[in-house]
Amino acid sequence: MIKYQQQFCLSLLTNCKTLKSFKQIHAQVLKKGLDADPFVAGKLLLHCSINLSDSLNYAYRLFNYTPNPDVFMYNTLIRGLVESENPQNSSCIFTHMLRYSHSPPDSFSFAFVLKGAANFGCLETGFQLHCQALKRGFNTHIFVGTTIISMYAECRNVGFSRKVFDEMPQRNVVSWNAILTAYFRCDDLKGAEGVFYLMPFRDLTSKNVMLAAYVKAGKVDLAKELFLGMLVKDDVSWSTMILGLAHNGCYDEAFDYFRELQRLGRTPNEVSLTGVLSACAQSGALEFGKLIHGFVEKSGLVFISSVNNALLDVYSKCGTLDLARSVFERMPGKKSAVSWTSMITGLAMQGYGEGAIRLFNEMKESGVRPDGITFIAILKACSHAGLIEEGHEIFSKMTKEYGINPTIEHYGCMVDLYGRAGQLQKAYDFVVQMPIPPTAIIWRTLLGACSFFEDVDLAELVKERLTETDPNNSGDHVLLSNIYALAGKQNNVVLVRKSMAKLKMKKTPGWSVIDKV
DNA sequence: GTACAGCACC
């Protein structure tokens, strides 16, 4: 009888898609007293921590109300937490297991919790887990060993990955692919190539990882050579190439590969679509983008958020803000920081500074947390629209309220902001007190502003700094392009000669063009 | 009853 009831409750789970219906099943289980059955309890926990979305809190409570959770229950909760927003919680449960559980962790526990450390990217946690695995003899388990390799790679430590790989008592194609991927993740092309040619067996995954390593390193020709030599190609091979070509500025080739994919009768997946749309956005291919949009609508892929974001980006970058807005408004589900950022970028590029700030405020009100790239977009909006105070305030809030450390690009936006407003000394002082060393781009931005506002003394100083940063760069081309612009605008060769003399510049090959003005 | 490797939007 008990067996029958157990079977009945478990069969109900098969069609259970929502937390609401799950709670009803749980109520039935409690009513029949089946919650004491470890098998039923385990299945319930598995369902709400893995199969249902947004039910992790309930899984947590379910776990807490279980007097003596078995190893399966611990593993299941850890597994659910690994893929959650805070994967670091998975190691807390693991620690709890070490301290309080009657049953010690097994190979599954290690595989899951190590993946959590990888997702969290915390070397210290990963290292401690590795030690635990060693202590308990799980390091020789092939699944655990392979996960340790990936964990170290995610923590940017491919040297440790290699050491673990070298010491593995047995290896399969998955462990070989894991060490290959480790080099790829850590941007070590030579290491990846070394492994690839040393591998005793290569499957489709190995080749796809190698393709990804080539395109990531900008070696488009090597990627194409490998791709053409592959007898079997899957969706990942195609999408790696299309996205890789788009990221390396080979837009026409990205379009060609996409057309070829369609000609072969394959359905492009979301990665190929985002790749080809990224090529459209960067090259300004609005019409091709619209064509892809039509395809996306027709094939029912319009619900994929990455594709929607890529479409939005095409319309934003091409300056068709009404179309961008309509994609943005009609987006299914909650808009992510990426969607908001794309829309803000579009407004910023068209010079709608206030509009961009309004949207940025709307974003915050809707509860979406801006990331570092959102701040680049909004700071650009401020500098293009001359909103100095606003830009300044947003920059300080970025660190204080959002805990985002400014990167060189954020600093670049600020230099541009002050520079465009003619606050040259402020811009210079800002650069000098930056906690990270200024790059040539920073100095060139400032130099452009100095020449625009004809501050010769500061321009001289900035030129010196620029040459110190990059000995091959005198900054003359920045000054020249400004002077050429001046010549073109004012058609005034005397002014040009005067500007060049003031900036103590020599005649250059371009000089003859100005002579003719 | 559970697991290891691949492409991913701003």
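Per an unreviewed UniProt entry, chain A is named Pentatricopeptide repeat-containing protein, and its organism is Cinchona calisaya.

K.L.:
Residues and numbers for the overall build of chain A, please.
P.N.:
A count of helices and strands for chain A gives 31 helices and 0 strands. In terms of its C-alpha atoms, chain A occupies a principal-axis envelope of roughly 100 × 50 × 50 Å. Residues classed as buried in chain A amount to 48% of the 517 residues present. Considering only contacts in chain A between residues 6 or more positions apart, those separated by 24 or more positions represent 58%. Side chains of chain A carry 54 positive and 49 negative charges; the gap between the two charge centres is 3 Å.

K.L.:
Explain the protein's contact with DNA strand B to me, using residue names and the numbers behind them.
P.N.:
The immediate surroundings of DNA strand B are formed by 45 residues, with F72, N208, D234, L243 and N309 found nearest. Protein-proximal atoms of DNA strand B, defined as those within 4 Å of the protein, fall in sugar or phosphate at a share of 43%. For DNA strand B, a base nitrogen lies 2.3 Å from a polar atom in the side chain of N208. Taking D371, its side chain carries an N or O atom lying 3.5 Å from a base nitrogen of DNA strand B. In the surface near DNA strand B, the residues fall into 15 nonpolar, 19 polar and 11 charged.

K.L.:
Explain the packing of helix α13 (residues 204–216) against helix α14 (residues 220–229) to me, and be specific about the residues and the numbers.
P.N.:
Packing of α13 against α14 brings their axes to within 8 Å, and their N-to-C directions diverge by 160°. Taken together, the axes of α13 and α14 are roughly antiparallel relative to one another. Remark: the crossing between α13 and α14 carries left-handed chirality. Contacts between α13 and α14 pair K207, M210, L211, Y214 and V215 from the former with L222, A223, L226 and F227 from the latter. Its residues assigned to classes, the contact of α13 with α14 comprises 8 nonpolar, no polar and 1 charged.

K.L.:
Just give me the short version of helix α11 (residues 173–185), but keep the residues and values in it.
P.N.:
Residues spaced three or four apart along an α-helix face the same direction, because each turn holds 3.6 residues. Between its first and last C-alpha, α11 extends 18 Å over 13 residues, near the 18 Å set by a 1.5 Å rise per residue. For α11, every residue scored as buried is listed here: S175, W176, N177, A178, I179, L180, A182, Y183 and F184. Of the surrounding elements, those touching the buried residues of α11 are α9 (142–154), α10 (158–166), α12 (189–198) and α13. Taking the backbone nitrogen of V174 as reference, a side-chain oxygen 3.1 Å away marks N172 as the first, capping residue of α11. Downstream of α11 by one or two residues, D187 has phi in the positive range, about 55°.

K.L.:
Give me the lowdown on the nonpolar core, citing residues and values where you can.
P.N.:
F22, M210 and L446 are the most contacted members of the largest nonpolar core, which has 162 residues in total. Residue contacts for F22: discarding those within four places in its chain leaves L13, C16, L44, H47, C48, L52, Y58 and L62.

K.L.:
Give me the lowdown on the side chain of H47, citing residues and values where you can.
P.N.:
Mapped onto the elements, H47 comes out in helix α3 (residues 38–51). One polar contact links the side chain of H47 to the main-chain carbonyl oxygen of C16, over a distance of 2.9 Å. Aside from chain neighbours lying at most four places away, what touches H47 is L13, C16, F22 and L52.

K.L.:
Can you explain the packing of aromatic side chains? Please cite residues and give values.
P.N.:
In the structure shown here, the tally under the stated rule is 21 aromatic pairs. Taking 5.1 Å as the distance between ring centres and 80° as the angle between the ring planes, the aromatic pair formed by F63 and Y74 counts as edge-to-face. Residue F63 is found in helix α4 (residues 56–64), and its partner Y74 is found in helix α5 (residues 71–82); the two are separated by 11 residues along the sequence. For the pair formed by F63 and Y74, the shared burial category is buried. Pairing F196 with Y197 gives two aromatic rings, centres 5.3 Å apart and planes at 80°, and the pair type is edge-to-face. For Y197, a relative accessible area of 56% gives the class exposed. Within the aromatic cluster, the residues linked to one another by ring pairs are F395, Y411, Y418 and F430. Over the face of the ring belonging to F165 we find R171, whose NZ or CZ atom lies 4.5 Å from the ring centre. Its guanidinium or amino end placed over the ring of F328, K335 lies 5.2 Å from that ring's centre, counting from NZ or CZ.

K.L.:
Describe the environment of L134, naming the residues involved and giving the relevant values.
P.N.:
With respect to the helices and strands, L134 occurs in helix α8 (residues 123–135). It is 14 Å that separates the C-alpha atoms of L134 and I149, two residues lying 15 residues apart in sequence.

K.L.:
Can you break down the UniProt feature "repeat: PPR" (unreviewed entry) in chain A residue by residue, with the values?
P.N.:
With numbering matched to this structure, UniProt assigns "repeat: PPR" (unreviewed entry) to residues 70–104, 172–206, 234–268, 336–370 and 371–406. With 71% helix and 0% strand, residues 70–104 has end C-alpha atoms that lie 9 Å from one another. The distance from the first to the last C-alpha atom of residues 234–268 is 11 Å, and the span holds 74% helix and 0% strand.

K.L.:
A description of unusual backbone geometry should follow, citing residues and the corresponding values.
P.N.:
The phi torsion at D54 lies on the positive side, around 60°, for a residue other than glycine. Residue placement: D54 occurs in the loop between α3 and α4. With a phi angle near 60°, R156 is a residue other than glycine that sits in the positive phi range.

Analysis parameters
Every chain is numbered independently, its residues counted from 1 as its sequence is written. All chains are assigned letters beginning with A, and all ligands numbers beginning with 1, in the order in which they are written. Totals for whole chains, interfaces and linings use every residue, but because this is a predicted model, local features are given only for residues with pLDDT of at least 70 and side-chain atom pairs only at 80 or more, for both listing and counting. For side-chain calculations, the full set of non-hydrogen atoms in the structure is used, while hydrogens and water are omitted. Helix and strand assignments come from DSSP, with helices taken as H or I runs of at least 4 residues and strands as E runs of at least 2, each series counted from the N terminus. Throughout this description, buried means an accessible area under 20% of the type-specific maximum (1.4 Å probe, protein chains only), exposed means over 50%, and partly exposed covers the range between. Contacts are assigned to residue pairs that have any heavy atoms within 4.5 Å of one another. Neither His nor the chain ends is counted toward charge; the positive residues are Lys and Arg and the negative residues Asp and Glu. To locate a charge, take atom NZ for lysine, CZ for arginine, CG for aspartate or CD for glutamate. If even one non-hydrogen atom of a residue comes within 4 Å of a molecule or strand, that residue is called near it. Polar contact is defined as a pair of N or O atoms within 3.5 Å, subject to the rule that within protein one atom must be able to donate a hydrogen and the other to accept it, and that residues adjacent in sequence are counted only when both atoms are side-chain atoms. Residues are grouped as follows: Ala, Val, Leu, Ile, Met, Phe, Trp, Tyr, Cys and Pro are nonpolar; Asp, Glu, Lys and Arg are charged; all remaining types, including Gly, are polar. Axis angles are defined between N-to-C directions and span 0 to 180 degrees, where every axis is a line fitted to C-alpha atoms and, for a helix, only to the segment in contact. For classification, angles of less than 35 degrees are called roughly parallel, those exceeding 145 degrees roughly antiparallel, those between 65 and 115 degrees roughly perpendicular, and all remaining angles oblique. It is the rotation of the near helix from the far one that decides the hand of a crossing: anticlockwise by less than a right angle makes it left-handed, clockwise makes it right-handed. Each residue after the first adds 1.5 Å to the expected span of a helix. The criterion is simple. A nonpolar core is a set of buried Ala, Val, Leu, Ile, Met, Phe, Trp, Tyr and Cys residues joined through side-chain atoms within 4.5 Å. Ring pairs shown here join Phe, Tyr and Trp side chains whose ring centres sit within 6.5 Å, with only the six-membered ring taken for Trp; geometry is labelled stacked below 30 degrees between planes, edge-to-face above 60, and tilted in between. Geometrically, a charge over a ring is one whose NZ (Lys) or CZ (Arg) sits within 6 Å of the ring centre while staying within 35 degrees of the ring normal. UniProt positions are given in the numbering used here, feature names are shortened, and annotations may be inferred rather than shown by experiment.

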